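One letter stands for each residue in the lines below.
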Amino acid sequence: MAPGASARRFRSYAAPGIFPPVPALRVLHLDSGREWRSVQRQLLLLAEAQRAGDLEPVVVAPRAAPLVRRARAAGLASAAVTVRAELDVVAARRVRRLVRMWRPDLVHAHDARAHGVALIALLGRDVPLVVTRWSAARIPARAALRFAPRAQHFVAVTHAAAAALRAASVPADRVHVVPPGLAGRDTAACRDWREELRWPDSALVCGVLGSVDADGEARLVGALTRVPTPVRLRLRLVRFGGGAAGAHLLAGVPAVRVGFVDDMAAAIAGLDLLCDLSTSERLALAVLEALAVGTPAVAVARGGIGELARDGESALLVAPEPLATLDARTAAAITRLAGDAALRARLVAAAAPLVRSLTVARMARGVREVYARAIAARDATRGATRDSTRVRDPAAG
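Below is a summary of the structure that appears in this document. (Residues numbered from 1 in each chain as written. Predicted model: local features only at pLDDT ≥ 70, side-chain atom pairs only at ≥ 80, totals over all residues. Heavy atoms only, no water.)

## Points about the overall build of the protein
Next, step 1: Scanning the protein for helices and strands turns up 15 helices and 13 strands.
Next, step 2: Here the contacts in the protein between residues at least 6 apart in sequence split such that 61% fall between residues at least 24 apart. (Helix = DSSP H or I, 4+ residues; strand = E, 2+ residues; numbered from the N terminus. Contact = heavy atoms within 4.5 Å.)

## Thoughts on the nonpolar core
Next, step 1: By size, the foremost hydrophobic cluster in this structure holds 41 residues, and its most contacted members are Trp193, Val238, Phe240, Leu271, Leu274 and Leu288.
Next, step 2: Of all the secondary structure elements, the ones that give two or more residues to this core are strand 8 (204-209), strand 9 (235-250), strand 10 (253-259), helix 10 (264-269), helix 11 (285-292), strand 12 (297-300) and helix 14 (352-357).
Next, step 3: Setting aside anything within four residues of it in sequence, one finds Val238 in contact with Trp193, Trp199, Val205, Cys206, Gly207, Val208, Val256, Val258 and Leu271.
Next, step 4: Judged by nonpolar contacts, the second largest core, of 36 residues, contains Leu30, Ala109, Leu122 and Ile139. (Core = buried A, V, L, I, M, F, W, Y, C linked by side-chain atoms within 4.5 Å. Buried < 20%, exposed > 50% of the residue type's maximum accessible area, 1.4 Å probe, protein only.)

## A word on the packing of aromatic side chains
Next, step 1: A complete count under the given rule lists one aromatic pair for this structure.
Next, step 2: Ring plane angle 75° and centroid distance 6.4 Å describe the contact between Trp193 and Phe240, whose orientation is recorded as edge-to-face. Of this pair, Trp193 sits in helix 7 (residues 193-197) while Phe240 sits in strand 9, and the two are 47 residues apart along the sequence. Accessibility assignment for this pair places Trp193 and Phe240 in one class, buried. (Phe/Tyr/Trp six-rings, centres within 6.5 Å; stacked < 30°, edge-to-face > 60°.)

## So, the pattern of salt bridges
Next, step 1: The final tally for this structure, using the stated rule, is twelve salt bridges.
Next, step 2: For the salt bridge of Arg70 with Asp262, the shortest nitrogen-to-oxygen distance reads 3.2 Å. Note that Arg70 is positioned in helix 3 (residues 66-73) and Asp262 in the loop between strand 10 and helix 10, a separation of 192 residues in sequence. (Salt bridge = Lys/Arg side-chain N within 4 Å of Asp/Glu carboxyl O.)

## Things to note about helix 3
Next, step 1: Taken as a whole, helix 3 has its buried residues at Pro66, Leu67, Val68 and Ala71.
Next, step 2: Buried-residue contacts for helix 3 involve helix 2 (38-52), strand 2 (55-61) and strand 3 (77-80).
Next, step 3: Just beyond helix 3, the residue with positive phi is Gly75, at close to 80°.

## As for the packing of helix 2 against helix 3
For any two helices packed against each other, one specifies the inter-axial angle together with the distance between the axes.
Next, step 1: At a closest axis distance of 10 Å, the pairing of helix 2 and helix 3 adopts a crossing angle of 20°. Viewed along their axes, helix 2 and helix 3 adopt a mutual orientation that is roughly parallel. Crossing handedness for the pair helix 2 and helix 3: right-handed. Of the residues in helix 3, those touching helix 2 at Gln40, Leu43 and Leu44 are Leu67, Arg70 and Ala71.
Next, step 2: For the contact of helix 2 with helix 3, a count of residues per class yields four nonpolar, one polar and one charged. (Axes fitted to C-alpha atoms, helices over the stretch in contact; angles between N-to-C directions. Parallel < 35°, antiparallel > 145°, perpendicular 65-115°, else oblique. Left-handed = near helix turned anticlockwise from the far one by under 90°. Nonpolar A, V, L, I, M, F, W, Y, C, P; charged D, E, K, R; others polar.)

Function-wise, these values are silent; they only describe arrangement.
Next comes the structure, spelled out in structure tokens:
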């Protein structure tokens, strides 16, 4: 198929009128998330930086996902493919069709489902696959096949995530650590939670992540009951994630569940402090995003967050073990941060060098280097295949 015909056919899948001239490298980004979480925010920042450089990205995500809407609003090519499972053959067939029509030089999968679908879609093709790994959790044996050394390289956002990949027998030369990038602070964008929710000026507005499931809510209630009464009376909670559920009381503290908000940076900027209660091994990116907008944070020290934010210097990190006393440690950290305005200011100021180092440009350069390695490895394999074919061909030489 001629390149022009490919582009014309692809326009039916993408927002109209947004195809730029063909640049040096085409990248198909694949994401299965249907909500606006940290993975999607990072993907959009990366794609925008790539388009500003020498790459042509296209974003493929579920049709109703905020990522598709935001990508189109930003003028990025996008396509809608809903991924329901890691081995979703229907989604893989659609991605394979996009690959055939758009001819990307490389596919970049951004979550586990996208990874599995991309592997199926690229069967029989030598298009390199790059996969971003956010979690430092041990990779189970049943998932090991997805990490076999095909033509794929991995972007690990922390050294802990990289170690988990190497422990799953991924060759070290295919694992590359590229920290996340933080968008520049927009001082005009700040959500006024006190005015919006009619909370008093004296209230301490605390954003909470990782509290919408049963275990997370139990940890939050356990921590709140241990916070001294004078501090607890001033607290007001904004609970992120899950579905929006309106105002309610939690351990006697006024709270509101707002779900996944559209402008997370503005939402975090309007807080007095952020508390991430998640005990998963995924990097707590929201903690870094909070520091970027000047909001101090408390977080459970999991997922490699300790590689970036330093306990007592740029954030308050709570040891995850022993689990039986996690509530008490979390309560102590919340009490300390909520009751000390000078500490809050000091943590934010100390985090400034970290925030300045985690730029989107740096992330984009790091990912671009991974792309170059993946393509070079593919080209080397092509050359080796041609050489071996010549050796086996009796007509050769």
